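An overview of the molecular structure
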Amino acid sequence: MTAQTIDGKAVAQQLRADVARRAALLAAAGHQPGLAVVLVGDDPASQVYVRNKVKACEENGLFSLLDRLPADVTEDALLARIAELNTDARIDGILVQLPLPAHIDSHKVLEAIAPDKDVDGFHVANAGALMTGKPLFRPCTPYGVMKLLEAYRVPLAGAEAVVIGRSNIVGKPMALLLLEAGATVTICHSKTRDLIAHTQRADIVVAAVGRAKMLKGEMLKPGAVVIDVGINRDENGKLCGDVDFDSVVNVASAATPVPGGVGPMTITMLLVNTLEAAERKRPSPQA
Ligand code: NDP
(Lines give C-alpha, C1' and ligand atoms only; values in the text may rest on other atoms or scores of the structure.)
Protein backbone atom coordinates (compact mmCIF):
# COMPACT_ATOMS: atom_id res chain seq x y z
CA MET A 1 0.00 0.00 0.00
CA THR A 2 1.26 3.49 -0.79
CA ALA A 3 -0.37 6.21 1.23
CA GLN A 4 -2.19 9.03 -0.49
CA THR A 5 -0.52 12.36 0.31
CA ILE A 6 -2.99 14.75 1.93
CA ASP A 7 -2.33 18.06 0.19
CA GLY A 8 -2.80 20.80 2.77
CA LYS A 9 -1.71 23.50 0.35
CA ALA A 10 -4.47 22.65 -2.12
CA VAL A 11 -7.19 22.46 0.56
CA ALA A 12 -5.94 25.73 2.10
CA GLN A 13 -6.04 27.42 -1.30
CA GLN A 14 -9.67 26.44 -1.86
CA LEU A 15 -10.67 27.69 1.59
CA ARG A 16 -8.74 30.95 1.12
CA ALA A 17 -10.52 31.59 -2.20
CA ASP A 18 -13.84 31.28 -0.36
CA VAL A 19 -12.59 33.62 2.41
CA ALA A 20 -11.59 36.20 -0.21
CA ARG A 21 -14.99 35.97 -1.89
CA ARG A 22 -16.92 36.41 1.36
CA ALA A 23 -14.57 39.18 2.60
CA ALA A 24 -15.23 41.08 -0.63
CA LEU A 25 -19.01 40.79 -0.05
CA LEU A 26 -18.63 42.23 3.45
CA ALA A 27 -16.31 44.99 2.21
CA ALA A 28 -18.83 45.92 -0.49
CA ALA A 29 -21.47 46.14 2.24
CA GLY A 30 -19.27 48.62 4.13
CA HIS A 31 -17.03 46.62 6.47
CA GLN A 32 -13.75 44.95 5.53
CA PRO A 33 -13.09 42.15 8.09
CA GLY A 34 -10.12 43.10 10.28
CA LEU A 35 -7.52 41.19 12.31
CA ALA A 36 -5.23 42.76 14.92
CA VAL A 37 -1.97 40.90 15.54
CA VAL A 38 -0.11 41.88 18.69
CA LEU A 39 3.60 41.05 18.80
CA VAL A 40 5.60 41.71 21.95
CA GLY A 41 9.39 41.73 21.61
CA ASP A 42 11.53 40.46 18.74
CA ASP A 43 11.59 36.66 18.93
CA PRO A 44 12.68 35.66 15.39
CA ALA A 45 10.23 32.74 15.00
CA SER A 46 7.33 34.91 16.22
CA GLN A 47 8.29 37.62 13.73
CA VAL A 48 8.05 35.10 10.86
CA TYR A 49 4.67 33.77 12.08
CA VAL A 50 3.29 37.28 12.47
CA ARG A 51 4.55 38.37 9.05
CA ASN A 52 2.89 35.32 7.45
CA LYS A 53 -0.41 36.07 9.18
CA VAL A 54 -0.41 39.70 8.04
CA LYS A 55 0.52 38.65 4.48
CA ALA A 56 -2.30 36.07 4.39
CA CYS A 57 -4.78 38.78 5.43
CA GLU A 58 -3.58 41.12 2.69
CA GLU A 59 -3.74 38.40 0.03
CA ASN A 60 -7.31 37.47 0.92
CA GLY A 61 -9.01 40.82 1.36
CA LEU A 62 -8.82 41.17 5.15
CA PHE A 63 -7.67 44.34 6.87
CA SER A 64 -4.78 43.71 9.27
CA LEU A 65 -3.27 45.81 11.98
CA LEU A 66 0.15 44.80 13.28
CA ASP A 67 0.83 46.09 16.75
CA ARG A 68 4.52 45.79 17.70
CA LEU A 69 5.25 46.38 21.35
CA PRO A 70 8.72 46.42 22.92
CA ALA A 71 9.94 43.37 24.89
CA ASP A 72 9.89 45.42 28.10
CA VAL A 73 6.28 46.61 27.73
CA THR A 74 4.46 46.36 31.06
CA GLU A 75 1.63 43.90 31.53
CA ASP A 76 -0.71 46.82 32.29
CA ALA A 77 0.20 48.59 29.04
CA LEU A 78 -0.41 45.39 27.06
CA LEU A 79 -3.78 44.85 28.80
CA ALA A 80 -4.73 48.48 28.05
CA ARG A 81 -3.89 47.95 24.38
CA ILE A 82 -6.08 44.84 24.25
CA ALA A 83 -8.93 46.79 25.89
CA GLU A 84 -8.67 49.35 23.06
CA LEU A 85 -8.73 46.64 20.40
CA ASN A 86 -11.74 45.01 22.09
CA THR A 87 -13.79 48.15 21.35
CA ASP A 88 -12.22 49.04 17.97
CA ALA A 89 -15.02 48.62 15.40
CA ARG A 90 -12.51 47.95 12.58
CA ILE A 91 -11.24 44.86 14.37
CA ASP A 92 -13.12 41.53 14.30
CA GLY A 93 -10.30 39.30 15.54
CA ILE A 94 -7.44 39.80 17.99
CA LEU A 95 -4.42 37.53 18.14
CA VAL A 96 -1.62 37.87 20.67
CA GLN A 97 1.44 36.04 19.38
CA LEU A 98 2.83 33.56 21.92
CA PRO A 99 5.18 33.13 23.70
CA LEU A 100 5.09 36.38 25.69
CA PRO A 101 8.10 37.59 27.70
CA ALA A 102 8.43 35.96 31.14
CA HIS A 103 7.35 39.07 33.10
CA ILE A 104 3.90 38.96 31.49
CA ASP A 105 1.19 36.52 32.63
CA SER A 106 0.06 34.97 29.30
CA HIS A 107 -3.07 33.53 30.88
CA LYS A 108 -4.19 36.96 32.08
CA VAL A 109 -3.53 38.46 28.64
CA LEU A 110 -5.50 35.77 26.78
CA GLU A 111 -8.40 36.19 29.22
CA ALA A 112 -8.43 39.95 28.48
CA ILE A 113 -9.35 39.41 24.83
CA ALA A 114 -13.10 39.80 24.20
CA PRO A 115 -14.36 36.22 23.63
CA ASP A 116 -16.20 37.30 20.46
CA LYS A 117 -12.87 38.54 18.99
CA ASP A 118 -10.77 35.60 20.28
CA VAL A 119 -10.02 34.09 16.85
CA ASP A 120 -7.35 31.75 18.27
CA GLY A 121 -10.03 30.24 20.51
CA PHE A 122 -7.76 30.20 23.58
CA HIS A 123 -10.00 32.23 25.95
CA VAL A 124 -11.42 30.03 28.70
CA ALA A 125 -14.96 30.96 27.57
CA ASN A 126 -14.20 29.62 24.10
CA ALA A 127 -12.45 26.53 25.46
CA GLY A 128 -15.56 25.93 27.59
CA ALA A 129 -17.89 26.50 24.63
CA LEU A 130 -15.93 23.92 22.63
CA MET A 131 -16.03 21.50 25.58
CA THR A 132 -19.82 21.78 25.84
CA GLY A 133 -20.31 21.24 22.10
CA LYS A 134 -21.22 24.85 21.22
CA PRO A 135 -17.96 26.25 19.84
CA LEU A 136 -17.73 29.90 18.83
CA PHE A 137 -14.11 29.77 17.58
CA ARG A 138 -12.33 26.46 17.13
CA PRO A 139 -8.54 26.68 17.72
CA CYS A 140 -6.94 27.08 14.28
CA THR A 141 -4.61 24.07 14.08
CA PRO A 142 -7.09 21.36 15.14
CA TYR A 143 -9.82 23.09 13.10
CA GLY A 144 -7.50 22.89 10.09
CA VAL A 145 -6.98 19.17 10.71
CA MET A 146 -10.77 18.65 10.74
CA LYS A 147 -11.04 20.48 7.39
CA LEU A 148 -8.34 18.19 5.92
CA LEU A 149 -10.17 15.07 7.14
CA GLU A 150 -13.41 16.45 5.68
CA ALA A 151 -11.78 17.34 2.34
CA TYR A 152 -10.44 13.78 2.02
CA ARG A 153 -13.76 12.28 3.18
CA VAL A 154 -12.19 10.36 6.04
CA PRO A 155 -15.04 8.65 7.93
CA LEU A 156 -15.08 9.90 11.52
CA ALA A 157 -18.29 8.57 13.08
CA GLY A 158 -17.36 5.43 14.98
CA ALA A 159 -13.69 5.63 13.97
CA GLU A 160 -10.93 4.92 16.50
CA ALA A 161 -8.87 8.12 16.74
CA VAL A 162 -5.66 8.52 18.71
CA VAL A 163 -4.31 12.01 19.44
CA ILE A 164 -0.71 12.09 20.66
CA GLY A 165 -0.24 15.28 22.69
CA ARG A 166 -2.47 17.01 25.24
CA SER A 167 -1.61 20.71 24.94
CA ASN A 168 -4.34 23.32 25.29
CA ILE A 169 -3.66 24.68 21.81
CA VAL A 170 -3.49 21.42 19.83
CA GLY A 171 -3.99 18.05 21.56
CA LYS A 172 -6.98 18.75 23.81
CA PRO A 173 -9.09 20.75 21.31
CA MET A 174 -8.17 18.20 18.60
CA ALA A 175 -9.59 15.41 20.75
CA LEU A 176 -12.77 17.41 21.43
CA LEU A 177 -13.35 18.12 17.73
CA LEU A 178 -12.89 14.46 16.82
CA LEU A 179 -15.26 13.51 19.64
CA GLU A 180 -17.81 16.05 18.37
CA ALA A 181 -17.56 14.32 14.97
CA GLY A 182 -18.40 10.95 16.50
CA ALA A 183 -14.95 9.34 16.75
CA THR A 184 -13.91 7.21 19.72
CA VAL A 185 -10.97 9.23 20.97
CA THR A 186 -7.89 8.29 22.98
CA ILE A 187 -5.46 10.99 24.10
CA CYS A 188 -1.85 9.85 24.58
CA HIS A 189 0.99 11.86 26.14
CA SER A 190 4.42 11.50 27.69
CA LYS A 191 3.07 9.41 30.60
CA THR A 192 1.17 6.96 28.37
CA ARG A 193 2.41 3.48 29.25
CA ASP A 194 2.19 1.65 25.93
CA LEU A 195 1.85 4.16 23.09
CA ILE A 196 2.10 1.53 20.34
CA ALA A 197 -0.80 -0.47 21.78
CA HIS A 198 -2.96 2.62 21.24
CA THR A 199 -1.64 3.71 17.85
CA GLN A 200 -1.81 0.18 16.42
CA ARG A 201 -5.58 0.02 16.77
CA ALA A 202 -6.30 3.53 15.49
CA ASP A 203 -8.04 4.34 12.21
CA ILE A 204 -6.77 7.93 12.56
CA VAL A 205 -3.60 9.07 14.34
CA VAL A 206 -2.91 12.76 14.95
CA ALA A 207 0.65 13.44 16.13
CA ALA A 208 1.12 16.74 18.00
CA VAL A 209 4.21 16.01 20.05
CA GLY A 210 7.17 18.09 18.87
CA ARG A 211 9.60 15.14 18.50
CA ALA A 212 11.15 14.62 15.07
CA LYS A 213 9.90 11.49 13.22
CA MET A 214 8.75 9.70 16.41
CA LEU A 215 5.74 7.99 14.79
CA LYS A 216 6.95 5.05 12.66
CA GLY A 217 5.13 2.79 10.22
CA GLU A 218 5.33 -0.24 12.53
CA MET A 219 3.31 1.67 15.14
CA LEU A 220 0.29 1.85 12.81
CA LYS A 221 -2.60 -0.34 11.79
CA PRO A 222 -2.47 -0.94 8.01
CA GLY A 223 -4.71 1.59 6.27
CA ALA A 224 -4.64 4.20 9.05
CA VAL A 225 -4.91 7.91 8.24
CA VAL A 226 -1.98 9.86 9.70
CA ILE A 227 -2.01 13.58 10.45
CA ASP A 228 1.30 15.21 11.37
CA VAL A 229 1.02 18.47 13.32
CA GLY A 230 4.67 18.58 14.42
CA ILE A 231 7.16 21.18 13.25
CA ASN A 232 10.72 20.10 14.06
CA ARG A 233 14.23 20.17 12.64
CA ASP A 234 15.94 16.84 11.89
CA GLU A 235 19.62 16.06 12.54
CA ASN A 236 20.55 17.98 9.36
CA GLY A 237 18.52 21.03 10.34
CA LYS A 238 15.83 20.21 7.78
CA LEU A 239 12.17 20.90 8.59
CA CYS A 240 10.35 17.68 9.55
CA GLY A 241 7.25 16.55 11.39
CA ASP A 242 6.54 14.11 14.23
CA VAL A 243 5.90 11.38 11.67
CA ASP A 244 8.57 9.37 9.88
CA PHE A 245 6.85 9.84 6.52
CA ASP A 246 9.09 7.37 4.64
CA SER A 247 8.21 4.53 7.01
CA VAL A 248 4.46 5.25 7.28
CA VAL A 249 3.96 5.66 3.55
CA ASN A 250 3.84 1.87 3.05
CA VAL A 251 1.41 1.23 5.91
CA ALA A 252 -1.00 4.19 6.05
CA SER A 253 -3.80 4.82 3.54
CA ALA A 254 -3.24 8.59 3.67
CA ALA A 255 -0.81 10.94 5.41
CA THR A 256 0.04 14.63 5.60
CA PRO A 257 3.54 15.73 4.60
CA VAL A 258 5.65 18.32 6.46
CA PRO A 259 5.82 20.92 5.04
CA GLY A 260 2.61 21.19 3.00
CA GLY A 261 0.16 19.35 5.26
CA VAL A 262 -1.26 20.87 8.43
CA GLY A 263 0.96 23.98 8.30
CA PRO A 264 -0.88 25.86 5.50
CA MET A 265 -4.21 25.10 7.20
CA THR A 266 -3.45 26.87 10.49
CA ILE A 267 -3.25 30.42 9.10
CA THR A 268 -6.14 29.65 6.76
CA MET A 269 -8.39 28.82 9.71
CA LEU A 270 -7.32 32.07 11.38
CA LEU A 271 -8.65 33.86 8.29
CA VAL A 272 -11.86 31.79 8.41
CA ASN A 273 -12.37 32.57 12.12
CA THR A 274 -11.82 36.31 11.53
CA LEU A 275 -14.17 36.34 8.56
CA GLU A 276 -16.85 34.47 10.51
CA ALA A 277 -16.49 36.88 13.44
CA ALA A 278 -17.17 39.74 11.01
CA GLU A 279 -20.08 37.90 9.38
CA ARG A 280 -21.68 37.21 12.77
CA LYS A 281 -21.78 40.94 13.44
CA ARG A 282 -22.89 41.94 9.98
CA PRO A 283 -24.64 39.01 8.31
CA SER A 284 -24.35 39.18 4.56
CA PRO A 285 -27.50 37.87 2.80
CA GLN A 286 -25.53 36.72 -0.27
CA ALA A 287 -22.80 34.76 1.59
P1 NDP B 1 3.52 20.91 23.61
O2 NDP B 1 4.98 20.77 23.88
O3 NDP B 1 2.71 21.88 24.37
O4 NDP B 1 2.84 19.46 23.80
C5 NDP B 1 3.47 18.29 23.37
C6 NDP B 1 2.68 17.10 23.86
O7 NDP B 1 3.37 15.91 23.45
C8 NDP B 1 2.55 17.03 25.38
O9 NDP B 1 1.22 16.75 25.73
C10 NDP B 1 3.51 15.89 25.78
O11 NDP B 1 3.07 15.16 26.90
C12 NDP B 1 3.46 15.02 24.56
N13 NDP B 1 4.65 14.19 24.44
C14 NDP B 1 5.94 14.56 24.56
N15 NDP B 1 6.76 13.49 24.40
C16 NDP B 1 5.96 12.44 24.16
C17 NDP B 1 6.21 11.06 23.93
N18 NDP B 1 7.43 10.56 23.88
N19 NDP B 1 5.17 10.24 23.73
C20 NDP B 1 3.89 10.73 23.76
N21 NDP B 1 3.61 12.03 23.98
C22 NDP B 1 4.63 12.87 24.19
O23 NDP B 1 3.41 21.15 22.04
P24 NDP B 1 2.22 21.77 21.14
O25 NDP B 1 0.98 20.99 21.34
O26 NDP B 1 2.20 23.23 21.28
O27 NDP B 1 2.81 21.45 19.69
C28 NDP B 1 3.09 20.12 19.26
C29 NDP B 1 3.84 20.17 17.94
O30 NDP B 1 3.02 20.79 16.97
C31 NDP B 1 5.13 21.01 17.97
O32 NDP B 1 6.07 20.42 17.08
C33 NDP B 1 4.69 22.35 17.42
O34 NDP B 1 5.76 23.06 16.81
C35 NDP B 1 3.68 21.91 16.40
N36 NDP B 1 2.66 22.91 16.08
C37 NDP B 1 2.35 23.05 14.77
C38 NDP B 1 1.38 23.93 14.37
C39 NDP B 1 1.08 24.02 12.92
O40 NDP B 1 0.51 25.00 12.48
N41 NDP B 1 1.39 23.00 12.11
C42 NDP B 1 0.68 24.79 15.33
C43 NDP B 1 1.00 24.50 16.71
C44 NDP B 1 1.97 23.59 17.06
P45 NDP B 1 2.97 15.80 28.40
O46 NDP B 1 1.76 16.68 28.38
O47 NDP B 1 2.84 14.62 29.27
O48 NDP B 1 4.25 16.58 28.59
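Residues numbered from 1 in each chain as written. Predicted model: local features only at pLDDT ≥ 70, side-chain atom pairs only at ≥ 80, totals over all residues.

Looking up the protein chain in an unreviewed UniProt entry gives the name Bifunctional protein FolD, with the organism given as Chitinasiproducens palmae. The protein chain has a UniProt comment under Sequence similarities (unreviewed entry) that states "Belongs to the tetrahydrofolate dehydrogenase/cyclohydrolase family." UniProt, in its Subunit (unreviewed entry) section for the protein chain, records the words "Homodimer." (UniProt positions renumbered as here; feature names shortened; annotations may be inferred.)

What follows deals with the overall build of the protein chain. What the protein chain contains, in helices and strands, is 10 helices and 11 strands. In summary, the protein chain has a C-alpha radius of gyration of 19 Å against a globular reference of 19 Å for 287 residues, a match within 12%. If one aligns the C-alpha atoms of the protein chain with their principal axes, the spans along those axes are about 50 × 45 × 40 Å. Here the protein chain holds 287 residues, and the buried ones make up 46% of them. Taking the intrachain contacts of the protein chain between residues at least 6 apart in sequence as the baseline, contacts between residues at least 24 apart amount to 68%. (Helix = DSSP H or I, 4+ residues; strand = E, 2+ residues; numbered from the N terminus. Rg over C-alpha atoms; globule rule 2.2 N^0.38 Å. Buried ≥ 20, exposed ≤ 12 C-beta atoms within 10 Å, placed from the backbone. Contact = placed C-beta atoms within 7 Å.)

Inside soluble globular proteins, nonpolar side chains tend to come together where they are buried. Counting residues in each nonpolar core, the largest one holds 88 residues, and the members touching the most others are Val 163, Val 205, Val 206, Val 226 and Val 248. It is helix α10 (residues 263-281) that contributes the most residues to this core, 9 residues altogether. Here this core spans two domains, since at least three of its residues come from each of domain 1 (29-115) and domain 2 (139-263). (Core = buried A, V, L, I, M, F, W, Y, C linked by C-beta atoms within 7 Å. Domains from an automatic or database assignment.)

Strand pairing within a sheet occurs via backbone hydrogen bonds; the two strands may be parallel or antiparallel. Here we have 3 strands laid out as an open sheet, ordered β3-β2-β4, and parallel in their pairing. Whereas interior strands pair on both sides, the edge strands pair on one side only; in this sheet they are β3 (63-69) and β4 (93-96). The sheet shows a mean angle of 15 degrees between the axes of neighbouring strands, taken without regard to direction. Here strand β2 (residues 34-40) runs beside β3; their pairing, made up of 7 bridges, is parallel. (Pairing = 2+ DSSP bridges. Axes fitted to C-alpha atoms, helices over the stretch in contact; angles between N-to-C directions.)

Let us look at the sheet that holds strand β7 (residues 204-207). As summarised here, the arrangement of the 6 strands in space is β1-β11-β8-β7-β5-β6, forming an open sheet in which the pairing is parallel. Where the open sheet ends on each side, the last strands, each with one partner, are β1 (4-5) and β6 (184-188). As defined by bridge partners, strand β5 (residues 160-164) adjoins β7 across 4 bridges and the pair is classed as parallel. Along β7, the bridge assignment pairs Ala 161 with Ile 204.

Here we take up the pairing of β4. Judged by which residues are buried, β4 turns out to be covered on both faces: Gly 93 and Leu 95 on one side and Ile 94 and Val 96 on the other are all buried. Inspection of the sheet shows β2 paired to β4 by 4 bridges, in the parallel sense. Bridging from a neighbouring strand, Leu 35 pairs with Gly 93 of β4.

What follows covers the site of the ligand. The environment of the ligand is made up of 25 residues, and the closest members are Gly 165, Ser 167, Ser 190, Gly 210 and Thr 266. Of the residues belonging to the shell around the ligand, the class tally is 10 nonpolar, 12 polar and 3 charged. (Near = placed C-beta within 6 Å. Nonpolar A, V, L, I, M, F, W, Y, C, P; charged D, E, K, R; others polar.)

We now examine the UniProt feature "domain: Tetrahydrofolate dehydrogenase/cyclohydrolase catalytic" (unreviewed entry) in the protein chain. In the numbering used here, UniProt assigns the "domain: Tetrahydrofolate dehydrogenase/cyclohydrolase catalytic" (unreviewed entry) feature to residues 6-120. Its end C-alpha atoms 24 Å apart, residues 6-120 is made of 49% helix and 16% strand.

Next up on the list: the domain arrangement of the protein chain. Segmenting the protein chain into domains produces domain 1 (29-115) and domain 2 (139-263). Each of domain 1 and domain 2 has a C-alpha centre, and the two are 29 Å apart.

What follows concerns the UniProt feature "domain: Tetrahydrofolate dehydrogenase/cyclohydrolase NAD(P)-binding" (unreviewed entry) in the protein chain. Mapped onto this numbering, the UniProt entry annotates "domain: Tetrahydrofolate dehydrogenase/cyclohydrolase NAD(P)-binding" (unreviewed entry) at residues 139-281. Secondary structure within residues 139-281 divides into 35% helix and 17% strand; the distance between the first and last C-alpha atoms comes to 20 Å.

Here helix α3 (residues 75-86) is 12 residues long and its end C-alpha atoms lie 16 Å apart, about the 16 Å a rise of 1.5 Å per residue gives. Those residues of α3 that sit buried are Leu 78, Arg 81, Ile 82 and Leu 85. Angular distribution of buried residues about the axis of α3 spans 100 degrees; they occupy a single face of the element. Within α3, the exposed residues directed more than 90 degrees away from the buried face are Asp 76, Ala 80 and Glu 84. Looking at the buried positions of α3, the neighbouring elements they touch are β2, β3, β4 and α4 (106-112). (Expected span 1.5 Å × (residues − 1). Arc of directions from axis to C-beta.)

With that out of the way, let us pick up the packing of helix α6 (residues 140-151) against helix α7 (residues 171-180). Two numbers describe how α6 lies on α7: the axes approach to 8 Å, and their chain directions differ by 35 degrees. Like other packed secondary-structure pairs, α6 and α7 cross with a definite hand, here right-handed. Here Pro 142, Val 145 and Met 146 of α6 lie close against α7, whose contacting residues are Pro 173, Met 174 and Leu 177. Its residues placed into classes, the contact of α6 with α7 shows 6 nonpolar, no polar and no charged. (Left-handed = near helix turned anticlockwise from the far one by under 90°.)

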